[in-house]
Every structure is written in structure tokens, then in C-alpha cells.
Amino acid sequence: MVMTMLLYLPRDAFKFAKIPNYFYEAKNTINKLCLDYVKIDACPNDCMLCWEDDIDKQKCKYSHTSRWKPDKKSNKIFVSATGKKKQSATNKKQKKKPAKVLHYFPLKSRLQRLFMCSKTAEHMRWHAEDGNKDGIIRHPRDGEAWKRFLGHLKSLVGNKAQAEGSIAGSYIVEEALTLCSRYFEDI
């Protein structure tokens, strides 16, 4: 009900827009546009995600903290009319609530959607195709620091088929070597 009421505001502000009447319709439209998201349970201490192999784990494998919020209702004590204290016995199996949830918005489907239209795709690629011909900085990539950084990243690429993983792996190795050289001088 509340979410449906929130749809009134943009409908009143933009008379020409076709905004759905109900939240259910809006949610279906978003799903059809591949703009949905995935909820992933996370450790309350940000140690790990309960994802893929760890999806069935009840506790964090690093901090050993429960991934669920504590159940406040199960330990309530009631005082009956006779004055005796009774602990509530809930026979209903309640669904556990995660202590922390990560909302993952898949990037691939969004990029595919952006590049579907040829005009939009042309505007998205302007910085890669046209470049900076007059020397005026219009984008951070036109500066010398950015060019130096890109050159450094390109030097880290070992596997061109999986450039992102190669860059990340090389970056981690570089950071580990820097750490060792600064803090472990005797080794």
C-alpha cells in the first residue's frame, strides 16, 4: 500500500509519463527491463558473503558470528492471570531474518540495455573513439594522471582473455610485495 502511494508523486509531477497505478505493475516492469537485483546475506561484521559455496552456512567462517538476527519473540516470558510466569512456546516455525543483506545489482544486463540503442551506444563510446584532439580536459581520462594510471593497468595485464582478473591478481601481488617491503625489512 505504501509503495503504491509513492507512485502518486511522480505521476502528479510528470503528467505525460506513463507510470503504473500499482507497485506490483511497477515491479514487473522493472523485472522486464532487467533492472532487478539479487539479495545476498552477509556477515554482520562484513567478513563474508553467504554466496555460492557458503550459502548454507549458519555462522561466519571468519568471525563465527551468526548470520541471522536474534529472535526476540521466542524468549518472551508472560505472566498469566494466576500470577505464574510462563515462557511462550511458539509452535510456528518462523522464517529467520538475516542480520545484514547485500543488494547486488548485476552490471552486465544494465550495460547490455544501455548499448542496445545505437545512438546511446555512440554517446557511451565517445571517450574511447574520439579521444581528446584539442588538449582541453573535458573528462578525468584526459589528464596525465589518468593516462599514467591506465598505462600502469595495461602493464599488469598478463591474460588478455580475462583482463579484469589478470589486473586484479597482479594488483594484489603488487600490494602484497609493497606491504612486505615496507614492514618486513629483514626478510
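So, here is what we can say about the structure in this document. (Residues numbered from 1 in each chain as written. Predicted model: local features only at pLDDT ≥ 70, side-chain atom pairs only at ≥ 80, totals over all residues. Heavy atoms only, no water.)

Helix and strand content of the chain: 8 helices and 4 strands. Along the chain, helices (α) and strands (β) appear in the sequence α-α-α-β-β-β-β-α-α-α-α-α when read from the amino end. For the chain, with 187 residues in total, the buried portion stands at 11%. Sequence-distant contacts in the chain: of pairs separated by 6 or more residues, those separated by 24 or more amount to 31%. (Helix = DSSP H or I, 4+ residues; strand = E, 2+ residues; numbered from the N terminus. Buried < 20%, exposed > 50% of the residue type's maximum accessible area, 1.4 Å probe, protein only. Contact = heavy atoms within 4.5 Å.)

Residues Val38, Leu49, Trp51, Leu102 and Tyr104 make up a contiguous nonpolar surface patch of about 410 Å² in total accessible area. Its location among the elements puts Trp51 in the loop between β1 (38–42) and β2 (77–79). Its relative accessible area of 37% is what places Trp51 among the partly exposed residues. (Patch = residues over 30% accessible without salt bridge, like charges linked within 9 Å, V, L, I, M, F, W, Y side chains within 5 Å. Areas by Shrake-Rupley, 256 points an atom, 1.4 Å probe, with all protein chains shown as cover. Salt bridge = Lys/Arg side-chain N within 4 Å of Asp/Glu carboxyl O.)

A few words now on the side chain of Asp41. Looking at where Asp41 falls in the secondary structure, it is placed in strand β1. Look at Asp41 and you get buried, because its relative accessible area is 15%. In this structure the side chain of Asp41 is engaged in a polar contact, spanning 2.7 Å, whose partner is the side chain of Arg67. Among residues more than four places away in sequence, those in contact with Asp41 are Leu49, Cys50, Arg67, Trp68, Pro98, Lys100 and Val101. (Polar contact = N/O pair within 3.5 Å; in protein donor to acceptor, adjacent residues only side chain to side chain.)

The next point concerns the pattern of salt bridges. If charged atoms from side chains of opposite charge come close, those side chains can pair. Evaluated as defined, the whole model comprises 3 salt bridges. For Asp41, the salt bridge identified is with Arg67, shortest N-O distance 2.7 Å. Within this pair, whereas Asp41 is found in strand β1, its partner Arg67 is found in the loop between β1 and β2, the two being separated by 26 residues in sequence. Each member of the pair, Asp41 as well as Arg67, is classed as buried. For Lys61, the salt bridge identified is with Asp54, shortest N-O distance 3.1 Å. The exposure class assigned to Lys61 is partly exposed, which follows from its relative accessible area of 40%.

Another aspect to go through is the packing of aromatic side chains. Under the definition given, this model contains 3 aromatic pairs. Taking 5.6 Å as the distance between ring centres and 50° as the angle between the ring planes, the aromatic pair formed by Tyr37 and Phe105 counts as tilted. Highlighted residues: Tyr37 in the loop between α3 (23–32) and β1 and Phe105 in the loop between β4 (100–104) and α4 (107–114), separated in sequence by 68 residues. Judged by its relative accessible area of 46%, Phe105 is partly exposed. (Phe/Tyr/Trp six-rings, centres within 6.5 Å; stacked < 30°, edge-to-face > 60°.)

Here we take up unusual backbone geometry. One non-glycine residue, Asp46, lies in positive phi territory at about 60°. Locating Asp46 in the fold gives a position in the loop between β1 and β2. For Asp46, a relative accessible area of 57% gives the class exposed. The phi angle at His64 is positive, at roughly 55°, despite the residue not being glycine.

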